[in-house]
Amino acid sequence: MERFGIGQAVRRREDERFLTGAGQYLDDIKLQGTCHSAVVRSPYAHARIVSIRTDEAEGAPGVIAVYTAADYMQEGYGPFPTLTEVAGIDEHGVRRPDRHALASDTVRFVGDAVAFVVAETRAQARDAAELVDVAYEDLEPVVDLATVLDKKTPVIWPEIGTNLCYTFHKGDEDKTQKAIDEAAHVVELDLVNSRVIPSAIEARGAIGFWNAPDEQYVLYVSGQAVHAQKGQMAAAIFKVDPEHVRVIGPDVGGGFGAKNFVYPENVLVCWAAKKLGRPVKWVADRGENFTSEIHGRDHLTKATLALSAEGKITALKVDTIANMGAYLSSFATIIPTSASWVVMGGIYDVPAISMHVRAVFTNTVPVDAYRGAGRPEAAYIIERLVDIAAAKTGIDRFELRRKNLIRTFPYTQALGMVIDCGAFEQNLDLASQNIGLGTIEKRKKKSAKAGLLRGVGAATYLEVTLGNPAEATEIRFEADGTVTLLVGTQSTGQGHETAYLQLLDEELGIPADKVTVLQGDTGKIETGGGHGGSRSLSMGGVALMNAATDVRSKGAQAAAHVLDAARDDIEFKDGLFTVRGTNRTISVLELSLAIASADDLPDDVPASLTSKGASQREAFNYPNGCHMAEVEIDPETGVIDLQRYVIVDDFGKVVNPLIAEGQAIGGTVQGIGQALLEATVFDKESGQLLSGSYMDYALPRADDVPNIEVHLNQDQPTKTNPMGVKGAGEAGCSGAPPALVNAVCDALGELGVEHIDMPLTPEKIWRTIAEARS
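Anyway, here's the lowdown on the structure attached to this text. Sequence order as written defines the numbering, with residues in each chain counted from 1. Since the coordinates come from a predicted model, pLDDT governs what is reported: local features require at least 70, and pairs of side-chain atoms require 80 or more to be given and counted, while whole-chain, interface and lining totals use all residues. Side-chain calculation: all heavy atoms of the structure are included, whereas hydrogens and water are not.

Further remarks concern the sheet that holds strand 3 (residues 63-68). Strands qualify as paired when DSSP identifies two bridges or more between them. A run of H or I in DSSP counts as a helix once it spans at least four residues, and a run of E counts as a strand once it spans at least two, with each numbered from the N terminus. Pairing is mixed across the open sheet formed by 7 strands, whose spatial order is 3-5-1-12-9-10-11. Two strands bound the open sheet, and with one partner strand each, they are strand 3 and strand 11 (245-248). Each strand axis lies, on average, 20 degrees off the axis of its neighbour in the sheet, ignoring direction. As judged from the 6 bridges shared by strand 9 (residues 205-211) and strand 10 (residues 216-221), these two strands associate in the antiparallel manner. Bridge pairing in strand 10 links Ala 206 to Val 221. Contact definition: two residues touch when any of their heavy atoms are within 4.5 Å. Axis lines are fitted through C-alpha atoms, for helices just across the contact stretch, and the angle between N-to-C directions can take any value from 0 to 180 degrees. Here helix 4 (residues 122-129) sits on the sheet in contact with strand 1 (35-41), strand 3, strand 5 (113-119) and strand 12 (280-283), set at roughly 25 degrees to strand 1. Contacts between helix 7 (residues 264-276) and the sheet are confined to strand 1, strand 3, strand 5, strand 9, strand 10 and strand 12, with strand 9 contributing the most and set at about 35 degrees to the helix.

Laid out in structure tokens, this is it:
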């Protein structure tokens, strides 16, 4: 690869190995003596385990062992850890029932693990799993989110005595209610933020290995946040010192937050490997992934927006019931609370906000972070309310947005977050111009002549870069003249490697072909925050810059010695140390080799240029932008044709526009999927997941998505980090759902349709039109 620096749209270096089959994913790892495993899962959403017989399975061909909860609990392992300390939760705290890798007395969702079979081959393990005889006593499942807290609804955790996991509040309730009571206009909306099923191209998988000499559990995992997983398993589950757990993440084919967590299978393969003295491998098939990997979203919300007679927003009140599923997953507590309130109200000047959340347990797959994780939910609330408020007040929806934009920075929102910068009106204007808003009425008339309905929808969004607030990076100069870059962040397909190489070229002039990027191995990288909350560039990139600063400082001292000059006469530019006013130069890599081979260096000359850098987040940065969608609907079939899609994104300073645009498009397509296609359906009587395969769960395909036009507005770099960058990975998921729903409701507005809940499937649209016309 040619040398390149910040701001260039170079293609991702890692793609060559991915596309040519040279990547190493979990299933590519072959350890000597590996055996394979299968998980016996509950076919019931809620049932008592009466008995488990394993004798027939134990006698099946190739079977090495069959384990149940009775075996597992003898190890004394602790329950799975979950984050429970969240400011704003009431005095009752978080009700957190214990979860272990295998269910012992009661199963609480279809897919709950009850036994673990290990055999010589995967086929033998799966065949034997069918022979494990589990007798169940069926119990009434709790599935309906609207009635989960009713007195007549069964309690799925009797030891808690309620289906309520926690109650959360943020904001000034009295001030908000007073503003609502005094408002000239009040808009109320009941909406569903529908459940979605993460669908990374690579299903989850894990390999456990027992390193006997070091008494160390080694986990290879198709996962994210390896350092966090190591810490959680060591402290909470295995109850060992951290050095006795090592977690390795190879190339990972997508994560979207869903692979951040310690799953039962990760623990089971490590435990079985220790017991058997052999590596144990588990890889999910697609159907298994649907019921064993966390789901996302799943909220019922009642939202109220108050406005003055002139259309100024005066208050926002939000009451949400958030589904946790059957168990409280690792970070589930923060998703509808602290990951959501930080952007509640979006880019609008809202003087008073009150936000209530009731998190509940149901007999469904656990829910946790999915791309955006709380921020898309907040964007959906405010952007739907603004469109409905425009209709009620008679104010043009774009004018109403402009009337309420935040215009003075830094701005402290009603819930306390400080927004440092943003060109909100410019983004709205650019999006409007690029989609041709001025001529939309002509296009609507043309569609009407053909018997079709056309609409355009806008949605602004405010994101915030979250995740671990600390990061570390090491630039290691090797003896062969190359460099190893060790990063604590972790890519699961986002293009981190290329972005970091661009930074390294910019800072030190080191060619990309001389650099190996190492990530995702707690045995080789001391610490790391992984990825999540779109944090990697603003945290890992700054840590890299700090390490590079140290390299230049060491290099100047070493170059002065090698070039026989005074330290103050050494200059650095474009990867070269130069004696000022001369043509005597030496590159960073040449200097590294020179001092490594030198004898008897003076005490003030470093023996190596290897340097570490760290970063600590002192303030948040706020990606933001505007999405606009144009749709045409056939009222006879309900089919939506998404014809245009325009995005204006403010990601601050952009290191690689090609990667940034790719992230924006990817997140947007996932948002389009939630808005139009992806329906997660549980049978209310049995709790069965009816949309448990891609035959029933519709993901966006190429012909569902038009060419997405992305415009990057770099006029407002943030000052919260020295790079000026803002996160880019999750923004698309925030803007797309409200933009699509707003566009469809605009098209159906002439029929009196005000709101439709996602997903906007053809059947739902057809029925809505039929009902409106009747």
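A separate point is the packing of helix 13 (residues 496-508) against helix 14 (residues 536-562). Relative orientation of the contacting elements helix 13 and helix 14 amounts to 30 degrees, with a least axis distance of 10 Å. By the angle class used here, helix 13 and helix 14 are roughly parallel. The handedness of the crossing between helix 13 and helix 14 comes out as right-handed. Packed against helix 13, whose contacting residues are His 496, Tyr 500, Leu 503, Leu 504, Glu 507 and Leu 508, the element helix 14 presents Ser 536, Leu 537, Gly 540, Gly 541, Leu 544, Met 545, Ala 548, Val 551 and Arg 552 at the interface. Basically, the charged four are Asp, Glu, Lys and Arg, the nonpolar ten are Ala, Val, Leu, Ile, Met, Phe, Trp, Tyr, Cys and Pro, and anything else, Gly included, counts as polar. In the contact of helix 13 with helix 14, the residues fall into 9 nonpolar, 4 polar and 2 charged. When an angle is under 35 degrees it counts as roughly parallel; over 145 it counts as roughly antiparallel; between 65 and 115 it counts as roughly perpendicular; any other value is oblique. The hand of a helix crossing depends on one turn: near helix anticlockwise from the far one by less than a right angle means left-handed, and clockwise means right-handed.

Turning next to the sheet that holds strand 21 (residues 515-518). The sheet built from 4 strands is open, its strands ordered 21-20-19-25 with mixed pairing. Looking along the sheet, the strands with just one partner apiece sit at the ends: strand 21 and strand 25 (611-616). Across this sheet, the average inter-strand angle for adjacent strands is 15 degrees, counted without regard to direction. For strand 19 (residues 470-477) and strand 25, the ladder comprises 6 bridges, and the chain directions are antiparallel. If you follow Ala 472 over to strand 25, its bridge partner there is Ala 614. Running over the sheet, helix 13 touches strand 19, strand 20 (483-487) and strand 21 and is turned about 130 degrees from strand 21.

Moving on, we get to the pattern of salt bridges. Definition used for salt bridges: Asp or Glu carboxyl oxygen within 4 Å of a side-chain nitrogen of Lys or Arg. Applying the stated criterion across every chain, the model contains 44 salt bridges. Of the charged contacts, one joins Glu 120 and Arg 278 as a salt bridge, the two residues approaching to 3.0 Å between their closest N and O atoms. One end of the pair, Glu 120, is in the loop between strand 5 and helix 4; the other, Arg 278, is in the loop between helix 7 and strand 12, with 158 residues separating them in the sequence. With a shortest N-O distance of 2.8 Å, Arg 195 and Asp 298 are connected by a salt bridge. Here Arg 195 is found in the loop between strand 8 (185-193) and strand 9, whereas its partner Asp 298 is found in the loop between helix 8 (286-292) and strand 13 (299-307), with 103 residues between them in sequence.

With that settled, consider helix 11 (residues 424-435). By definition here, a helix of n residues has an expected span of 1.5 Å times n minus one. Counted at 1.5 Å a residue, the expected span for helix 11 with its 12 residues is 16 Å, and the 17 Å between its end C-alpha atoms agrees. Partly exposed residues are those whose accessible area sits between 20% and 50% of the maximum for their type, while under 20% is buried and over 50% is exposed, using a 1.4 Å probe and protein chains only. Residues of helix 11 that are buried include every one of Phe 424, Asn 427, Leu 428, Ala 431, Ser 432 and Ile 435, and no others. Down the axis, helix 11 shows its buried residues gathered within 130 degrees of arc, on one side only. The inward-facing, buried residues of helix 11 abut helix 10 (397-403), strand 17 (418-419), helix 12 (440-449), strand 18 (453-462), strand 26 (624-634) and strand 27 (639-650). Looking at the residues trailing helix 11, positive phi occurs at Gly 436, about 75 degrees. For this quantity, the arc is that covered by the directions from the helix axis to the C-beta atoms.

Now for the pairing of strand 13. In terms of residue burial, strand 13 counts as a mostly covered element, since 7 of its 9 residues are buried. In this sheet, strand 13 lies alongside strand 8 in antiparallel orientation, the contact comprising 9 bridges. Across the sheet, the residue bridging to Leu 191 is Thr 301, located in strand 13. In the sheet, strand 13 pairs with strand 14 (residues 313-325) via 9 bridges, with the strands oriented antiparallel. The residue bridging His 299 from the neighbouring strand is Ala 322, located in strand 14.

Shape is all these values report; function is a separate question.
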